[in-house]
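Chain and residue survey
The residues making up each chain are set out below.
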Amino acid sequence: MGQIDRKQLARNVRAEALIRMEEAARTLEDFQAVVAMWDHLDRNRQRKERAHEIGRTSEEMLHWDRLSEDDEQGKLREELDIVIPRPMKDLSWKQLMRGKFLDLIYDNAEEMWQLIADWDIAPLLFTLTNKQREVLFYRAVRCCTPQQIACYQDKTDRAVRKLLAAALARIRDQLAFTIREKIDAEVPDMTWMKRTFLAWYEQQKVVLDSSTDKE
């Protein structure tokens with residue numbers, strides 16, 4: 001029998017002994033002994049988990065490795081990559097510390113549809129051109145002004161506003177059509193915000209059509 005088999009056999013024996021101990025418990029002292037045994041096993045488990053953690057108390061920030069195989073404390077090695085970066089005065093760092101990794105993973109124009117919870121809106125981003133999608137990303141996600149986007153893309157702010165207006169117009173046209181279809185089909189999950197948007201959109205279309213007729 002190999003060493004691994006012996007260890008597995010010993011674990012099975014201990015598990016069976018604990019089960020018999022639980023089933024045989026009748027008095028308060030018996031149950032206290034069972035609880036003490038479970039506490040002992042939990043402490044062992046936590047100790048083993050701590051041995052595999054990369055975080056060390058009072059260390060500055062947390063590398064993947066140790067100075068040597070014999071090092072139990074996990075000293076820092078400067079040449080290794082940092083696991084968690086130093087605190088930055090940036091929203092992305094705050095999101096990282098809060099566990100909001102999706103906002104960072106999909107922080108680009110091609111994947112920003114992943115950040116949209118409404119599935120009536122998310123697919124509409126695929127109908128935009130690459131330029132429209134990029135401008136919309138910087139405006140809606142990064143909260144950049146048209147002047148900042150124009151500087152980044154080497155365009156005029158007028159060209160940026162034109163792309164943004166075209167992107168929003170395309171999204172609104174398709175979204176209004178989708179909402180109207182669902183309302184006509186009496187789909188029950190139409191929200192108040194979508195109904196309000198549709199009323200605003202249809203009113204805007206009436207105003208635009210009437211001004212076009214006058215011309």
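Residues numbered from 1 in each chain as written. Predicted model: local features only at pLDDT ≥ 70, side-chain atom pairs only at ≥ 80, totals over all residues. Heavy atoms only, no water.

Bringing unusual backbone geometry into the picture now. For Asp154, which is not glycine, the phi torsion reads 60° and is therefore positive. For Asp154, a relative accessible area of 72% puts it in the exposed group. Despite not being glycine, Glu186 shows a phi value in the positive range, around 60°. Take Glu186: it is sitting in the loop between α7 (157-184) and α8 (192-214). Take Glu186: its relative accessible area is 69%, and that puts it in the exposed class. (Buried < 20%, exposed > 50% of the residue type's maximum accessible area, 1.4 Å probe, protein only. Helix = DSSP H or I, 4+ residues; strand = E, 2+ residues; numbered from the N terminus.)

Time to look at a positive patch on the surface. A cluster of like positive charges, contributed by Lys7, Arg11, Arg14, Arg47 and Lys48, occupies part of the molecular surface. Listed by contribution, the elements that provide at least two residues to the positive patch are α1 (3-24) and α2 (28-52). It is α1 that provides the largest number of residues to the positive patch, a total of three residues. For Arg11, a relative accessible area of 41% gives the class partly exposed. (Patch = residues over 30% accessible without salt bridge, like charges linked within 9 Å, V, L, I, M, F, W, Y side chains within 5 Å. Areas by Shrake-Rupley, 256 points an atom, 1.4 Å probe, with all protein chains shown as cover. Salt bridge = Lys/Arg side-chain N within 4 Å of Asp/Glu carboxyl O. Lys, Arg positive; Asp, Glu negative; His and termini not counted. Charge placed at Lys NZ, Arg CZ, Asp CG, Glu CD.)

Examined against the element boundaries, Gln153 turns out to sit in helix α6 (residues 146-153). Judged by relative accessible area, Gln153 falls into the buried class, the value being 16%. Excluding anything up to four places from it in sequence, Gln153 contacts Glu134, Val135 and Tyr138. (Contact = heavy atoms within 4.5 Å.)

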